[in-house]
Amino acid sequence: MGRWICCLCSRVADSLMLLLVLALSCNPSTAATASPSAPHIKPSYSFGRTFLGLDKCNACIGTSICKKFFKEEIRFDTWLSSHLKLPPSYLLSYSGNYTDDAKSWRLVDITRLTSKYRHDLADKRICTSLLKTKTCSLERALRRTHRFQKWLRAKRLTPDLVQGLSSPMLRCPSQRLLDRIVRRYAEVPDAGSIYMDHLTDRDKLRLLYTLSVNSHPILLQIFPDVEGWPFPRYLGSCGRLVVSASTRPLRDFYSAVPEVAADLALQLLAVLRSMGTNDLNYFFYFTHVDAGTFGVFSNGHLFIRDASTLGIIDKEEGSQLIDGQQEYKDIFSCLTVDCQSAFVSCNSIREKHSLVMVCQELLPKLLKGKFLQPVQEKIDSFLQHCADGLADDQSLNEAVAKLAELLKPLRSCDSRFAYRYPDCKYSDKY
């Protein structure tokens, strides 16, 4: 009897096990949940060389920060995202997060030197104008140009090697400025030399390409924030993407409360003053300003967010490229602008040049209708006088000094202005 019961129990157990196996096979999701050996798939970016622009190298900016992208130590939008999907490639800039230890993250800006559409047009122009084909190896095409062959033979970056490039930074070049570019070019190991011996052929092409498309990342490298220059920190490049410290554009502060507006206006005037007078004796000027030219860090500090429209005149050495030489044009002159664009004469730039543009385009939007009368009336009068641009440099500087004195009492000293708090409590400077 006991043997029969054991046999019956064994058959019942076998039947139950069979039913369980059949049930699991009919419901895949249940089977996956029940299986302890199912692998855990970590969400990950699916980076393509095309998105980063690596497929275009060495007609690109650099590769110094590529490892950060592929190790997901730079993430787009938010590092807490469970999807980790790449944003659209046609955008000009992206908000991202950056880490060195996978624990603490900080905001960064990830930008293209120009839109992907303009990049694509420039790439097609290279192929059609140099090789007469619709598609080609950009590197091979650019290497064959007369300008790059001169770069390959050159031991030092000289004014004739950059003549005709569209970057405002290079319209009035001095040898001192060009030496600084070579010595501080961050996409290669630091050699501290003014000679280009430490640059490979690939490095020279990347430097020439960057200067031809947009000099913004070069300016961040050669005038770093750690030395007190008003630019965000350059963190590196990958393909055609540049990574730098994050700032909010000034346009986000047009509706700010009066004390914040007064503080930002004073910082803006101080930045313009430092561009004209600094220890290195360089004169910086803007060829264009808009609401995205300046940005504000989370601590309230104002910086130049977009340096692409900055020109530089060396007050110590002067320009070593006469205006007639600027008319030289080749494919590198036309990568992002119309080849027929006229150059601004170096001799035509006045000290008040940038100040007038800022008084016309930015300060009225920042300060309009923010203060009580008669203070607001005085501010508006000063801004109008400045925007007219009719006064000479000295009288305009005097008017701006009066505007600054009017704004100083209107700002406050509290934790919203972390860049100067609590120092402002104990200093007459603020």
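Reading the values: rules and limits
Residues numbered from 1 in each chain as written. Predicted model: local features only at pLDDT ≥ 70, side-chain atom pairs only at ≥ 80, totals over all residues. Heavy atoms only, no water. Helix = DSSP H or I, 4+ residues; strand = E, 2+ residues; numbered from the N terminus. Buried < 20%, exposed > 50% of the residue type's maximum accessible area, 1.4 Å probe, protein only. Pairing = 2+ DSSP bridges. Contact = heavy atoms within 4.5 Å. Axes fitted to C-alpha atoms, helices over the stretch in contact; angles between N-to-C directions. Salt bridge = Lys/Arg side-chain N within 4 Å of Asp/Glu carboxyl O. Disulfide = S-S within 2.5 Å.

K.L.:
Where do I start with unusual backbone geometry in this structure?
P.N.:
If a residue is not glycine, its phi is most likely negative; likewise, a peptide bond is most likely trans. Note the cis peptide between C57 and N58, where omega equals 20 degrees. Looking at the element boundaries, N58 is found in the loop between α3 (49-52) and α4 (66-70). Positive phi values are uncommon outside glycine, yet E72 reaches one of about 60 degrees. Within the element layout of this structure, E72 appears in the loop between α4 and β1 (74-76).

K.L.:
Help me out: how do you make sense of the pairing of strand β3 (residues 105-112) in this one?
P.N.:
Remark: a regular strand shows side chains that alternate across the two faces of the sheet. Of all eight residues making up β3, six are buried, and the element is well covered by its neighbours. The pairing of strand β2 (residues 93-99) with β3 spans seven bridges and is antiparallel. Across the sheet, the residue bridging to Y98 is R106, located in β3. Counting the residues that bridge the hairpin from β2 to β3 gives five residues, and of these A102 lies at a positive phi of roughly 65 degrees. Looking at chain direction, β3 and strand β5 (residues 241-245) are connected through five bridges and run antiparallel. Counted as the bridge partner of I110 is V243 from β5.

K.L.:
Would you mind showing me how to read the sheet that holds strand β6 (residues 248-249) here?
P.N.:
Adjacent strands of a sheet form backbone hydrogen bonds with each other and so pair up, either parallel or antiparallel. Taken in spatial order, the three strands line up as β6-β8-β9 in an open sheet, and their pairing is antiparallel. Strands at the two margins of the open sheet, each flanked by one partner only, are β6 and β9 (302-304). Against the sheet, helix α12 (residues 258-276) contacts β8 (294-296) and β9, and its axis sits at roughly 40 degrees relative to β9.

K.L.:
So what exactly am I meant to see when it comes to the pattern of salt bridges here?
P.N.:
Two side chains of opposite charge can pair, provided their charged atoms sit close to one another. As enumerated under the stated definition, the model contains 27 salt bridges in all. With its nearest N and O atoms 3.2 Å apart, the salt bridge here joins K68 to E73. Exposure remark for K68: the relative accessible area of 15% places this residue in the buried category. Judged by its relative accessible area of 16%, E73 falls in the buried class. Across the salt bridge formed by E259 and R416, the nearest N and O atoms sit 3.1 Å from each other. One end of the pair, E259, is in helix α12; the other, R416, is in the segment after α16 (393-407), and 157 residues separate them in sequence. For E259, a relative accessible area of 23% translates into the label partly exposed. R416 sits in the partly exposed class, given a relative accessible area of 40%.

K.L.:
Explain the side chain of E73 here, please?
P.N.:
Among the structural elements, E73 can be located in the loop between α4 and β1. Beyond its immediate stretch of four places on either side in the chain, E73 contacts K68, N97, Y98, T99 and W105.

K.L.:
Would you mind showing me how to read the state of the cysteines here?
P.N.:
Covalent bonding between the sulfur atoms of two cysteines defines a disulfide. For the structure on display, the rule yields six disulfides. Across the disulfide from C57 sits C60; the S-S distance is 1.9 Å. Measuring the twist about the S-S bond at about 100 degrees, one finds the C57-C60 disulfide to be right-handed. Residue C60 is classed as buried on the basis of its relative accessible area, which comes to 0%. Paired through a disulfide, C66 and C238 show a sulfur-sulfur distance of 2.1 Å. Disulfide C66-C238: the torsion about the S-S bond is 100 degrees, which places it as right-handed. Placement of the pair is C66 in helix α4 and C238 in strand β4 (residues 234-238), with a sequence separation of 172 residues. The class for C66 is buried, based on a relative accessible area of 9%.

K.L.:
Please explain the sheet that holds β2 as it appears in this structure.
P.N.:
One open sheet accounts for five strands, arranged β1-β2-β3-β5-β4; its pairing is antiparallel. Among the strands making up the open sheet, the edge pair consists of β1 and β4. Ignoring which end each strand starts from, the neighbouring axes of this sheet average 30 degrees apart. The pairing of β1 with β2 spans three bridges and is antiparallel. When the bridges of β2 are listed, I74 appears paired with Y98.

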